[in-house]
Amino acid sequence: MVQFPDAVNEQIAREFAASQQYVAIAVHYDAEVLPQLAAHFYRQAVEERNHAMMLVQYLLDSDERVIVPGVVAPQTEFADAVAPIRLALEQERRVTEQIAALVALAREQGNLVGEQFLHWFLQEQREEVASMSDLLKLVERAAASNLLLAEEYLARVQIGEQAVDATAPTAAGGAL
Ligand SMILES: [Fe+2]
Ligand SMILES: [Fe+2]
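Engineer: I tried to follow the pattern of salt bridges on my own but got confused; where do I start?
Structural biologist: Proximity of charged atoms lets side chains of opposite charge pair with each other. Tallied over the full model, the rule gives three salt bridges. In this structure, R14 engages E10 in a salt bridge whose closest nitrogen and oxygen atoms are separated by 3.8 Å. Highlighted residues: R14 and E10, both in helix α1 (residues 4-31), separated by four residues, approximately one helical turn. The closest approach of N and O atoms between R107 and E115, which form a salt bridge, is 2.7 Å. When its relative accessible area of 53% is taken as the criterion, R107 is described as exposed.

Engineer: Looking at this structure, how should I read the layout of surface pockets?
Structural biologist: Of the voids in this model, the second largest pocket is the one considered here, and its volume is about 280 Å³. R14, A17, A18, Q91 and R94 are the residues nearest the centre of the second largest pocket, which is lined by 17 residues in total. Those elements that provide at least two residues to the lining of the second largest pocket are α1 and α3 (83-108). Looking at the lining of the second largest pocket residue by residue, the class counts come to nine nonpolar, five polar and three charged.

Engineer: In this structure, what is going on with the packing of aromatic side chains? I would like to understand it.
Structural biologist: The description of two aromatic rings rests on the distance between their centres and on the angle between their planes. Counting across every chain of the model gives six aromatic pairs. Relative to F121, the ring of F117 has its centre 5.5 Å away and its plane inclined at 55 degrees; by these criteria the two rings are tilted. With F117 and F121 both in helix α4 (residues 112-143), this residue pair falls four residues apart, about one helical turn. Like F121, F117 is buried.

Engineer: Help me out: how do you make sense of the coordination of the iron ion (ligand 2) in this one?
Structural biologist: Surrounding the iron ion (ligand 2) are the protein donor atoms E48 (OE), E92 (OE), E92 (OE) and E128 (OE), at 1.7 to 2.5 Å. Taken together, the four donor atoms coordinating the iron ion (ligand 2) and their angles of 55 to 144 degrees define a geometry best described as irregular. Along the chain, the residues that donate to the iron ion (ligand 2) are spaced as E-x43-E-x35-E. The distance between the iron ion (ligand 2) and the iron ion (ligand 1) comes to 3.5 Å, with E48 serving as a donor to both metals. With E48 in helix α2 (residues 35-61) and E92 in helix α3, the pair connects residues that are 44 residues apart, well separated along the chain. The exposure class of E48 is buried, given its relative accessible area of 2%. The class for E92 is buried, based on a relative accessible area of 1%.

Rules used in this analysis
For every chain, the first residue of the written sequence is number 1, and numbering continues from 1 along that sequence. By the order in which they are written, chains take letters starting at A while ligands take numbers starting at 1. Per-residue local features of the predicted model are confined to residues with pLDDT of at least 70, and side-chain atom pairs are confined, for both listing and counting, to 80 or more; whole-chain, interface and lining totals are unaffected and use all residues. Side-chain measures were taken over the full set of non-hydrogen atoms in the model, leaving aside hydrogen atoms and water. Any Lys or Arg side-chain nitrogen located within 4 Å of an Asp or Glu carboxyl oxygen qualifies as a salt bridge. Runs of E in the DSSP output that reach at least two residues are strands. Runs of H or I that reach at least four are helices, and both are numbered from the N terminus. Remark: exposure states derive from per-residue accessible area (1.4 Å probe, protein chains only) relative to the maximum for the residue type, with buried under 20%, exposed over 50%, and partly exposed in between. Points on a 1 Å grid, built from protein atoms alone, make a cavity when a 1.4 Å probe fits but cannot get out and make a pocket when they are open with protein on both sides within 12 Å along at least 5 of 7 lines; residues with an atom within 4 Å of a point are the lining residues. Grid points are joined across faces, edges and corners, and a volume is the space filled by probe spheres set on the points. Just so you know the grouping, Ala, Val, Leu, Ile, Met, Phe, Trp, Tyr, Cys and Pro go in nonpolar, Asp, Glu, Lys and Arg go in charged, and all remaining residues, Gly too, go in polar. Only centres within 6.5 Å qualify two rings of Phe, Tyr or Trp (six-membered ring in Trp) as a pair; their planes then separate them into stacked at under 30 degrees, edge-to-face at over 60, and tilted for everything else. Ligating atoms shown are N, O and S within 2.8 Å of the metal, or 3.2 Å for Na, K and Ca, and water is not included, meaning a site may look less than complete. Under the classification used here, a metal with four donors is tetrahedral if each angle lies between 85 and 135 degrees, square planar if opposite donors are over 155 degrees apart and the others between 65 and 115, a six-donor metal meeting that same test is octahedral, and anything else is irregular.

Any link to function would need more than the numbers given here.
Encoded structure:
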């Protein structure tokens, strides 16, 4: 059976891959001159990078080996303006399952400290799936008439969390 610290290392690679995918989506929207959508995904990319570094800090604190991974290349071509957000929502749902599996593994191996550490990530995934799902609905609706409606909306209302989360675990080297 895979040991919990190894599974955490695997999750570090997935968080960095998620970050890279969001950079690719942000750049795609930037090239399409949709700056609000681009800004949203540039921010998400930094968040995913911070998630990876929180997992790194956890392993450092636990005196476990940290593997800084290479990442799987992100998707950079998209069929239409909605496709990147569909991909992002799928990614968030997949990560939610991965985190839940990590929690289950920690519990199975009697690693209560590891399990408790992951609780913040469960809450974060609930929020990220919800906000990505909202964004998908918004952009689907706007894409039917004019994508600039989504840009205008996002200029007024930020989807997802606004402030620094004081309950977030420490990221190695400090959160960006
Ligand atoms: Fe994440
Ligand atoms: Fe995420």
